[in-house]
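# Summary of the model geometry
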Amino acid sequence: MKKGLFITFEGADGCGKTTQIKLLQEYLQRRGYEVVLTREPGCEGLGQKIRDLLLNYDGEVSPVCESFLFLADRAQNVDIIVKRNIDLGKIVISDRHTDSSLAYQGYGRNLDVDRIDMLNNIATSGLKPDLTYVFDIDVETSMQRVGKEKDRMESAGKKFFERVRQGYLKIATKEPDRVKVINAIDSIDNIHKQVVELFVELEEKFS
Ligand code: TYD
């Protein structure tokens, strides 16, 4: 491969992304790749402060303010972590990225999706993931998995999460080459197999 790759994991809270990111990381390392994990919000020090504001602030938050905070964290992630490591030939995996803003702030909070798309482009300077996994899960199961201890975003309610879910599915329909939907209710092993198969397809495109 000439340069590194950028892979993102998306889906509702409690969809099992974290487990699958770890399994993909281990698979890639066994194959000899250098892997860097990052996440949004909260990739590093400043991002961690933005994350704390976003998830723990207990007053009213304007949806536009919320969007800009996620976008500010994203710019930090892209400039400080993602681009530098891709340039070094590494595989960067981000736990959430631009599609979270489209699904949660665009579809979920009912903000203008095209405008969020434009702001995403500014935050990332146009960098796009090579592959995005969307873990699809029904709202009931997702809420059960999150449990009672909810952060500010997780407290948003059932209708919000239904819009988020449908939002992700619309994004996948619009960009089928990049965005792959995986049924998050399947077993950990089956999901990992699908994740690997999709990675291998991507690898073949670049070889
Ligand atoms: P986190 O604890 O990282 O959730 P998860 O483990 O499910 O990824 O919290 C991130 C929360 O922020 C999650 O509810 C999704 C939300 N979010 C947005 O609403 N917009 C965004 O752009 C991003 C990156 C996250």
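An account of the accompanying structure is given in this report. Per chain, residues are indexed from 1 in the order of the written sequence. Selection of residues for local features in this predicted model requires a pLDDT of at least 70, selection of side-chain atom pairs for listing and counting requires 80 or more, and totals for whole chains, interfaces and linings are taken over all residues. Heavy atoms from the whole structure form the basis of all side-chain values; hydrogens and water molecules are not counted.

## Re the pattern of salt bridges
The salt bridge definition used is simple: a Lys or Arg side-chain nitrogen within 4 Å of an Asp or Glu carboxyl oxygen. Taken as a whole, this structure holds 13 salt bridges when the rule is applied. In this structure, the salt-bridge partner of Asp95 is Lys17, at a minimum N-O distance of 2.6 Å. In this pair, Asp95 sits in strand E3 (residues 91–95) while Lys17 sits in helix H1 (residues 17–30), placing the two residues 78 residues apart along the sequence. Working definition: with a 1.4 Å probe on protein chains only, accessible area under 20% of the residue-type maximum means buried, over 50% means exposed, and in between means partly exposed. Taking the relative accessible area as the measure of exposure, Asp95 reaches 15% and is therefore buried. Assessed through its relative accessible area of 9%, Lys17 is described here as buried. Linking Arg178 and Asp99 is a salt bridge whose minimum nitrogen-to-oxygen distance equals 2.8 Å. Starting at the N terminus, helices and strands are each numbered in turn, a helix being any DSSP run of H or I of at least four residues and a strand any DSSP run of E of at least two.

## With respect to the nonpolar core
Residue types Ala, Val, Leu, Ile, Met, Phe, Trp, Tyr and Cys, when buried and joined through side-chain atoms within 4.5 Å, form a set referred to as a nonpolar core. Counting 45 residues, the largest nonpolar core has Phe9, Leu28, Ile93, Tyr104, Tyr133, Phe135 and Phe199 as its most contacted members. In this analysis, two residues are considered to be in contact whenever any of their non-hydrogen atoms come within 4.5 Å of each other. Other than its neighbours up to four places away in sequence, Leu28 contacts Tyr33, Val35, Ile91, Ile93 and Phe199. Judged by nonpolar contacts, the second largest core, of seven residues, contains Phe6, Ile81, Val82 and Val92.

## Some points on H1
One fewer than the residue count of a helix, multiplied by 1.5 Å, yields its expected span. Its 14 residues give H1 an end-to-end C-alpha distance of 20 Å, which sits within 8% of 20 Å, the value for a rise of 1.5 Å per residue. Of the residues making up H1, those classed as buried are Lys17, Gln20, Ile21, Leu24, Gln25, Tyr27 and Leu28. Each buried residue of H1 sits inside an arc of 165° when the element is viewed along its axis, so together they form one side. Within H1, the exposed residues directed more than 90 degrees away from the buried face are Thr18 and Arg30. At the exit of H1 stands Gly32, carrying a positive phi of roughly 95°. The directions considered for the arc are those from the helix axis to the C-beta atoms.

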